[in-house]
Amino acid sequence: MPPRTPQISARARQLHESAIIIDGMCNSRLSGDYLDSLRKAGLTCTMVPVSISASFRQTVRQLCDVWNLLEKNQDKALIVTHADDVIRAKREGKIGLVLALEDTKQIEDDPDLLEVFHKLGIRRMQITYTTQNSVGCGKGDREGHDSGLSAFGVQVIKRMEEVGILIDLCHPADRTLAEAFEVLTKPAIFSHTNTRAVFQYHGNLTDQQLRTAKKKGCVVCIAAGGGLASEGDRTLDKLVDHIDHARDLIGINSIGIGLTLFEGQDPSFTQAIKLPERYGQWPRPLPKDVSFARYPFITERLLQRGYPEAAIKSILGENVLDLFRKVWDE
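Residues numbered from 1 in each chain as written. Predicted model: local features only at pLDDT ≥ 70, side-chain atom pairs only at ≥ 80, totals over all residues. Heavy atoms only, no water.

Things to note about the pairing of strand S2 (residues 45-51)
The element S2 is extensively covered by neighbouring structure, given that seven of its seven residues are classed as buried. Two strands pair when backbone bridges link them, and strand S1 (residues 22-23) and S2 are joined in this way by two bridges, in the parallel orientation. What sits directly across from aspartate 23, in S2, is threonine 46. Handedness of the crossover joining S1 and S2 through helix H2 (residues 32-40): right-handed. Taken together, the six bridges between S2 and strand S4 (residues 95-101) define a ladder with parallel strand orientation. The residue bridging proline 49 from the neighbouring strand is alanine 100, located in S4. (Buried < 20%, exposed > 50% of the residue type's maximum accessible area, 1.4 Å probe, protein only. Helix = DSSP H or I, 4+ residues; strand = E, 2+ residues; numbered from the N terminus. Pairing = 2+ DSSP bridges. Right-handed = clockwise from strand over helix to strand, strands pointing away.)

Structure, rendered in structure tokens:
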């Protein structure tokens, strides 16, 4: 007999369907069918990295590709530029897409291009990817190297806050991150990370970094993919272990989810990422028990761990939605 397919309880399904669900990181290959699968999984909104570390011209071309996809799938998806767009996506049964950049190399050392990207729909941006750039240093650069945040980096953070682009603090090395925290005047997001106490990996956050994130009003989105959660197959359990630790340390209202999956991508995509050796062998295999289609199982597992329904709704999306309001709309 084939193995039995796990079922979602009626309580979990009802909770999942009623919740606003915002995922912090979807690196999957987008298509009309894939947008349908995200909607079927109950997602209200996900954040899509349009560009990893491309030039300005290449990034605009990649933005055109996303806009063209959306033009053909207006019945399935919409671009999110304000918090109310998330509410509209939920009401209309569509998937909202937050367009993101995973580096600041795209502005080519010209802060004025931040406003251009904002006008083109970009609403979330990492200050560094995995290596050194003009803003600061990523966690994957030469071991022991961390330049810290540059004077240009201070200028970029201030300009991003002025323009209304949500700052993403995933990937900066420890000194660069600490100095970025000092400059922030608005809350930021960690779109895909985990807790180093649960899984010792240099890309994850220490307890002190988590406490500082809470102090600054940030939301920390817990990941499943990218080798951030664990080395084993039981990634769903480990995902919730990370949530448990974050809850105990920084509270429910500072937590979100950013699965960080690469569903449907071919090897050329992961080769283009050009991750340095410090991040280990890449691409890592997708977790066997976590996928966007299995998002309802996260809701189920949180219920099984004893989380109240209001807390689960906060983790699934309400915390990130509040962050959108503070950064984009206030």
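Side note on the packing of helix H1 (residues 10-18) against helix H12 (residues 309-329)
Remark: H1 packs on H12, axes separated minimally by 10 Å, with the N-to-C direction vectors making an angle of 45 degrees. Relative to H12, the element H1 is oriented oblique. For the pair H1 and H12, the crossing hand works out as right-handed. Note on element contacts: H12 touches H1 through Glu309, Ile312 and Lys313, opposite Arg11, Leu15 and Ser18. (Axes fitted to C-alpha atoms, helices over the stretch in contact; angles between N-to-C directions. Parallel < 35°, antiparallel > 145°, perpendicular 65-115°, else oblique. Left-handed = near helix turned anticlockwise from the far one by under 90°. Contact = heavy atoms within 4.5 Å.)

A short note on the side chain of glutamine 126
Within the secondary structure layout, glutamine 126 lies in strand S5 (residues 122-126). A polar contact of 3.1 Å, which involves the side chain of glutamine 126, links it to the backbone oxygen of threonine 128. With residues near it in sequence (within four places) discarded, glutamine 126 still touches Met25, Leu101, Glu102, Asp103, Thr104, Asp168, Cys170, His171, Ser191 and His192. (Polar contact = N/O pair within 3.5 Å; in protein donor to acceptor, adjacent residues only side chain to side chain.)

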